[in-house]
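Secondary and tertiary structure notes
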Amino acid sequence: MVRNQDESPHWSLTLGCLGVVFGDIATSPLYALRVAFTGGGGLTPTPEHVLGILSLVFWSLTLVVGVKYAWLVMRADNNGEGGIMALMSLVLRPVNQKPRRRWIMSLGLIGTALFFGDAMIAPAISVMSAVEGLKVGAPQLNALIVPVTLIILGVLFLIQYRGTAFIGWLFSPIMVLWLLLIAILGLLSILQTPSVLQSLYPSHGLAFLHEAKAQSLVVLGAVVLVVTGAEALYANIGHFGIAPIRSAWFLAVFPALTLNYLGQGALLIRDPAAASNPFYLLGPGWSVLPLLSLATLATIIASQGVISGAFSLAAQAVRLRYLPRLAVRHTSKGRYGQIYVPAMNWLLALSVVLLVVSFGSSSRLAAAYGLAVTGTMVVTTLLMFGLLRRVSRHHWRFAGLLFGLFLLVDLSFLMANATKIPRGGWVSLLIGGVIYLLLWTWIRGRELLVTRLNEKAVPLEELVSRQGHNPLPRVPGTAVYLTAGRFGAPLSLTHNMMINKVLHAQVIVLTVVTRDEPWIPLAERVKIRHFGDQIYRVRIYYGYNQQPNIPDALAYCRSQGLTVDLAEASFFLSREHLVSTPRDGMPRWCERLFIRMAMNAENAMAFWQIPPDRVVELGLKVEL
């Protein structure tokens, strides 16, 4: 599948991105201020406290989302693609020193692991916070909050196989209605208490932090909830473009959020008891159930956006060899990014159900949520500084000062959320730690496997020389030997020669290489080396956003002088039987984990899109 070249008008893309990019951050008003005053910090909603917190909320949105992400981070696109892996690839590209590459990769993998943790927690807290409106509209239905949340989330995960192409265009009007409604509710409340506008002065936030002291960490842990979803701006530039996302943020989302947060603050100044649920109490009593319905739809959209982001990140990780092969199904012929990853879908579903049942409320779940978000922000800031230091050699000190400021803000949020570790933050650390362990184990295991294969590989020059002195009988057709090793003849080839005592008329040793770029043009897709006697080494290059298709790539070889008759070609795949050994390389328990992951990888035929009736599998024993 080729990259989608979207020629849609700017404003059409701007409307479309509202339903995908901003669902998470646009639904934060449901719980952010409520958590700030009822999240266990013992903070009373006095006018001074309300103005201080609102000031922190406004300037967090301005600096973190507006300046850091929308203005600076989105400039670091990797050929039009964004996200934590795109940024890591940009930073890694010119680095040759192995220790430094490992450090940068480890940092990027931490961010990736935390993003997956975010994708597990976000649907749970978003949908649950919306359903909790039942407490206001119908308190007698309080016991139904968890079951209703599970039903909504269950349906959401069950329909994932249908694809997400409809989200941006069908549900964006709902998000527009949501933003319009929360803006109007906020504005009406502000008109009743215009003194709340004083909170726009940063002095109120600074004074609050100075006076609150120990409580300030608790409050910052709640304030960070208003910027959840900021990473989505960067991650989705490949689908919508930089300009439409910026337009949507500055012209629609930011004004609506600001008005609503100020409106909730104005309500708290008038009625401190409204801290129990300031969002739903903004409107008249009759509006609670309509608000609940719209909020539920909005949080479903927000959850869908995070789930789709997890699918995209998982697919990138598979193609970059950071994860085992997973089934990736494309659900739209017109838009490349619309994919479905069944294994990731059911892993997310199981995790979300466990989180909802275990925590039981969005307030308690907020303790686990903030740590994943702030950790990802810190990683993005560090990687971005590394990139800017390289590309802005003459202004790197200014870049360092600027990103030092962002890092200070991010670390403050991270420290604030670290106080929540005993109350649920450990869940984020546990999820991130497990995912990081899986990523690291697979990467290191792949390196070790390739090393072991290369140790036994026979140079192709030697193979050709053997044929010249003691030729084996040649049989008609083409044999394509797939190998992860980049040098020498694969073991599947030498074993086939040793067992069957024949060689095909045309032999191709094929390696697929995924580069740290999103897209590789067709002209650069294939590189061929001829060793003589109709023996070739072919390397096929793909970007991490491209779906490998080996038959198509071999058909393209004709333009470079190598004709492959696919109807007569046989594909030889190695089925490695991996064995853990005490040899240097990895701890034994890591080797066993790697072997278990390899056993559960998707079938190579389906992943490489090779016709099953043309495949020959050879078993090989490899000692790690």
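Helix and strand counts for the protein chain stand at 24 helices and eight strands. Taken along the three principal axes of its C-alpha coordinates, the protein chain extends 95 × 50 × 45 Å. As displayed, the protein chain has an accessible area near 25500 Å², and 64% of this comes from carbon and sulfur atoms.

Further remarks concern the nonpolar core. Membership of the largest hydrophobic core comes to 185 residues, with the highest contact counts inside it found for F22, I53, L61, W178, W249 and Y322. Ranked by residues supplied to this core, first place goes to helix α6 (residues 98-131) with 17 residues. Here W249 is in contact with F22, I25, L61, V65, G66, A70, F254, P255 and L257, once residues within four sequence places are set aside. Among the nonpolar cores identified, the runner-up in size contains 15 residues, and A479, A489, F572 and L618 belong to it.

If you check α6, its first and last C-alpha atoms are 50 Å apart, about what 34 residues at 1.5 Å a residue would give, namely 50 Å. Along its length, α6 shows its largest kink, about 30°, at I121, and proline P123 lies within four residues downstream of that point.

Below, the discussion takes up the sheet that holds strand β4 (residues 503-514). Read across the open sheet, the six strands follow the order β5-β6-β4-β3-β7-β8; overall the sheet is mixed. Two strands bound the open sheet, and with one partner strand each, they are β5 (526-530) and β8 (615-623). Here the strands of the sheet are splayed against their neighbours by 25° on average, with no regard to which way each runs. With four bridges joining them, strand β3 (residues 474-482) and strand β7 (residues 569-579) adopt parallel strand pairing.

Once that is clear, we can look at the packing of aromatic side chains. This model, assessed by the stated rule, comprises 11 aromatic pairs. Their ring planes at 35° and their centres at 5.4 Å tell us that W178 and F279 sit as a pair that is tilted. One end of the pair, W178, is in helix α9 (residues 165-192); the other, F279, is in the loop between α14 (242-270) and α15 (288-319), and 101 residues separate them in sequence. Its relative accessible area of 0% is what places W178 among the buried residues. Relative to F594, the ring of W442 has its centre 4.8 Å away and its plane inclined at 40°; by these criteria the two rings are tilted. Remark: F594 occurs in helix α23 (residues 588-599) and W442 occurs in helix α19 (residues 425-456); sequence separation between them is 152 residues. On the basis of relative accessible area, W442 is assigned to the buried category, the value being 7%. Taking relative accessible area as the criterion, F594 reaches 1% and is therefore assigned buried.

Turning to the environment of L153, a few remarks are in order. Mapped onto the secondary structure, L153 falls in helix α8 (residues 145-158). Through-space distance from the C-alpha of L153 to that of P123 is 7.6 Å; in sequence the pair is 30 residues apart. In this view, L153 contacts P123, A124, V127, V352 and V356; residues no more than four positions away in its chain are not counted.

Moving on, we come to the environment of L491. Tracing the sequence through the fold places L491 in helix α21 (residues 491-500). Residues L491 and K621 lie 130 residues apart in sequence; the distance between their C-alpha atoms is 9.9 Å.

Time to look at unusual backbone geometry. If you check the backbone angles, K501 has positive phi at about 60° while not being a glycine. Note that K501 resides in the loop between α21 and β4.

Right, let's get into the pattern of salt bridges. Taken as a whole and judged by the stated rule, the model has seven salt bridges. Here R34 ties to E132 by a salt bridge, and the two come within 3.4 Å at their closest N and O atoms. With R34 in helix α3 (residues 32-38) and E132 in the loop between α6 and α7 (134-137), this residue pair connects regions lying 98 residues apart in the sequence. For R34, a relative accessible area of 6% gives the class buried. Residue classification places E132 among the buried positions, given a relative accessible area of 3%. E447 is paired through a salt bridge with R444; the nearest N and O atoms lie 3.4 Å apart. In this pair, E447 and R444 are both assigned in helix α19, three residues apart and thus about one turn of the helix distant. Judged by its relative accessible area of 31%, E447 falls in the partly exposed class. One salt-bridge network, in which partners are shared between bridges, spans R102, R444 and E447.

Averaged over all residues, the pLDDT of the protein chain is 83; the fraction at 70 or higher stands at 93%. Here α7 stands out as the element of the protein chain with the lowest mean pLDDT, 71, in contrast to α14, whose mean of 93 is the highest. Across residues 1-7 the pLDDT falls below 50, and counting only partners more than four positions away or on other chains, this stretch makes 14 contacts in the model.

With that out of the way, let us pick up α23. The first and last C-alpha atoms of α23 sit 17 Å apart over 12 residues, in line with the 16 Å expected at 1.5 Å per residue. Looking at α23, one finds that the buried residues are C590, E591, F594, I595 and M597. One face of α23 carries all of its buried residues, which in axial projection span an arc of 160°. Turned more than 90 degrees from where α23 packs its buried face, W589, R596 and M599 sit exposed. Buried-residue contacts for α23 involve α19 and β7.

For the rest of this paragraph, the subject is empty space enclosed by the protein. Under the definition given, this model contains one cavity of 30 Å³ or more. Approximately 30 Å³ is the volume attributed to the largest cavity. In this structure, the largest cavity is lined by L54, V57, F58, L61, T258, Y261 and L262. Looking at the lining of the largest cavity, the elements that each hand over two or more residues are α4 (47-72) and α14.

Turning our eyes to something else, we now look at the side chain of T514. Checked against the element boundaries, T514 lands in strand β4. For T514, the side chain forms a polar contact with the main-chain oxygen of R319, separated by 2.6 Å. Side-chain polar atoms of T514 contact the side chain of R321, separated by 3.3 Å. Apart from residues no more than four positions distant in its own chain, T514 is found in contact with R319, L320, R321, Y542, G543 and Y544.

Reading the values: rules and limits
Residues numbered from 1 in each chain as written. Predicted model: local features only at pLDDT ≥ 70, side-chain atom pairs only at ≥ 80, totals over all residues. Heavy atoms only, no water. Helix = DSSP H or I, 4+ residues; strand = E, 2+ residues; numbered from the N terminus. Areas by Shrake-Rupley, 256 points an atom, 1.4 Å probe, with all protein chains shown as cover. Core = buried A, V, L, I, M, F, W, Y, C linked by side-chain atoms within 4.5 Å. Buried < 20%, exposed > 50% of the residue type's maximum accessible area, 1.4 Å probe, protein only. Contact = heavy atoms within 4.5 Å. Expected span 1.5 Å × (residues − 1). Bend = angle between axes of the 7 residues up to and from the residue. Pairing = 2+ DSSP bridges. Axes fitted to C-alpha atoms, helices over the stretch in contact; angles between N-to-C directions. Phe/Tyr/Trp six-rings, centres within 6.5 Å; stacked < 30°, edge-to-face > 60°. Salt bridge = Lys/Arg side-chain N within 4 Å of Asp/Glu carboxyl O. pLDDT = per-residue confidence, 0-100. Arc of directions from axis to C-beta. 1 Å grid on protein atoms, 1.4 Å probe; cavity = no way out; pocket = protein on both sides within 12 Å on 5 of 7 lines; lining within 4 Å. Points joined across faces, edges and corners; volume = space filled by probe spheres on them. Polar contact = N/O pair within 3.5 Å; in protein donor to acceptor, adjacent residues only side chain to side chain.

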